[in-house]
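# Descriptive analysis of the structure
Next come the chains, spelled out residue by residue.
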Amino acid sequence: MAKSRTLAQVYRRFGEVDAAGTSPLYERIAVALSESAEALRAIEAMPARKRHPTVILAALHDLALAGRAPALAAAYAAADADTAARAVIDTLLRMTDSVVAIVAHRRVRAGETGRGAVLYPAVAEAARRVGASAVGLVDVGSSAGLNLNVDRVGITYSNGQSLGDPASPVQLSCSLVGDRSIPTRAMPEVVARVGVDPDPVDVTDADEARWLRACVWPDQRERMARLEAEMALAATVPPLLLPGDAVEVLPEALARVPADALPVVTTTWALSRFSLESRLRFLHRLDDAATHRPVAWVSVEGVGVAPAIPTFGDRRASGHSIVGVAVFDHSTLRAESVGRCWSRGRLLAWLADS
């Protein structure tokens, strides 16, 4: 994206392909940016790795949420795409230095909202296989640690089944694919919640919480409401968040789980950011940790991304993810694929016999 021509193509494609049908605001804004030579020159002032539309648009959204770009905030609130496009270009040109300052120390957060519908039955299944009456959750790539409250949300599936807490302020829904039901067993008591991330987000910090909101596209109102509810829930029982490389920090994280509880490591679309070597080292860390007690791993990753997790023979980049449950016990590894999911957990096919 070093040249304006190439940068213009990137922004146009983002608008016409990535945002199309999902965010009318960002669709119009991205195309407008691709057509503005001044805006493209301003974006070129950013570090090369920070020029992607998701990064720049999140930074501008952050300025709007912080009250520093009121015209842009008003356009977003009104969901007026044409006015928002003009306000984005004006804000970018007037506040280029502020945008540079934001993107220099921030990375886009995809957010973990809504993943509990897939994680809950898989964690419960891992506990069943070990016979555990208590679990300690260790979420890798945890960002703000929202996945660590999987036991505290309510989940309704399209076949009428439900799991979790029906009184929770966070209520999730999930469409089931196929004719197999979800196991209805409850998750055991969660006695530890530990997140591991290179740059964890503290939801009790106003600036960090605002950045999480900024990474949500402004016209995705339902997703924003769910994020607000999940952040509020997480703030009531803040998890322990350990910064650092997951492979290096994992032993410390597992040590924070009481001896009488089953450590359950969860990864949701986290391992794709690891090299193959790091993924294999991650697997070895889990194996090493199981010398004195069982350790479970629940993975929700793209086909072929999670080492040792069977793929049903599915092809890579097939558009869905594999839900895996692995139990490490001394020198034994039992790994099984228990389902497939789509759309970041909004659709689930449960396939395990349990």
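Residues numbered from 1 in each chain as written. Predicted model: local features only at pLDDT ≥ 70, side-chain atom pairs only at ≥ 80, totals over all residues. Heavy atoms only, no water.

## Some thoughts on the overall build of the chain
Along the chain, the regular secondary structure elements total twelve helices and eleven strands. Its C-alpha atoms give the chain a radius of gyration of 21 Å, within 12% of the compact-globule value 20 Å for 354 residues. Once the C-alpha set of the chain is aligned to its principal axes, its extents read approximately 60 × 40 × 40 Å. Buried positions account for 53% of the 354 residues belonging to the chain. Counting contacts in the chain only where the partners sit at least 6 residues apart, residues at least 24 apart contribute 70% of the total. A total of about 15,100 Å² of accessible surface is found on the chain, and carbon and sulfur atoms cover 50% of it. Of the charged side chains in the chain, 39 are positive and 40 negative, and the gap between their average positions amounts to 4 Å. (Helix = DSSP H or I, 4+ residues; strand = E, 2+ residues; numbered from the N terminus. Rg over C-alpha atoms; globule rule 2.2 N^0.38 Å. Buried < 20%, exposed > 50% of the residue type's maximum accessible area, 1.4 Å probe, protein only. Contact = heavy atoms within 4.5 Å. Areas by Shrake-Rupley, 256 points an atom, 1.4 Å probe, with all protein chains shown as cover. Lys, Arg positive; Asp, Glu negative; His and termini not counted. Charge placed at Lys NZ, Arg CZ, Asp CG, Glu CD.)

## Comments concerning the nonpolar core
Grouped together as the largest cluster of nonpolar side chains are 42 residues, with contacts concentrated most on Ile-29, Leu-33, Leu-60, Tyr-76, Leu-92 and Val-99. No other element matches the eight residues that helix α4 (residues 53–65) contributes to this core. Setting aside residues no more than four positions away along its own chain, Val-99 makes contact with Met-46, Ile-56, Ala-59, Leu-60, Leu-63 and Leu-92. (Core = buried A, V, L, I, M, F, W, Y, C linked by side-chain atoms within 4.5 Å.)

## A short note on the environment of Val-88
With respect to the helices and strands, Val-88 occurs in helix α6 (residues 81–94). We classify Val-88 as buried; its relative accessible area is 0%. Val-88 sits 49 residues away from Ala-39 along the chain, and the two C-alpha atoms are 9.2 Å apart. When near neighbours in sequence (up to four residues on either side) are disregarded, Val-88 contacts Ile-29, Leu-33, Leu-60, Leu-72 and Tyr-76.

## Considering helix α2 (residues 24–34)
Of all eleven residues making up α2, eight are buried, and the element is well covered by its neighbours. Buried within α2 are the following residues: Leu-25, Tyr-26, Ile-29, Ala-30, Val-31, Ala-32, Leu-33 and Ser-34.

## Some remarks on the packing of aromatic side chains
Enumeration over the complete set of coordinates arrives at three aromatic pairs. Seen in terms of ring centroids, Phe-14 and Trp-217 are 5.6 Å apart; in terms of plane orientation they differ by 65 degrees. Their pairing is edge-to-face. Here Phe-14, found in helix α1 (residues 4–18), pairs with Trp-217, found in the loop between α9 (206–214) and α10 (221–236); they are 203 residues apart in sequence, far enough to count as distant. Of the two residues, Phe-14 and Trp-217, neither departs from the other in class, the shared state being buried. Ring centres of Tyr-26 and Trp-217 lie 5.4 Å apart, and the angle between their planes is 50 degrees; on these two criteria the pair is classed as tilted. In this pair, Tyr-26 sits in helix α2 while Trp-217 sits in the loop between α9 and α10, placing the two residues 191 residues apart along the sequence. By the burial criterion, Tyr-26 is buried, and Trp-217 matches it. (Phe/Tyr/Trp six-rings, centres within 6.5 Å; stacked < 30°, edge-to-face > 60°.)

## As for unusual backbone geometry
One non-glycine residue, Ala-79, lies in positive phi territory at about 55 degrees. Here Ala-79 lies in the loop between α5 (70–78) and α6. Residue classification places Ala-79 among the partly exposed residues on the basis of a relative accessible area of 43%. Notably, Trp-269 is not glycine yet its phi reads approximately 55 degrees, a positive angle. Its location among the elements puts Trp-269 in the loop between β7 (262–268) and α12 (276–289).

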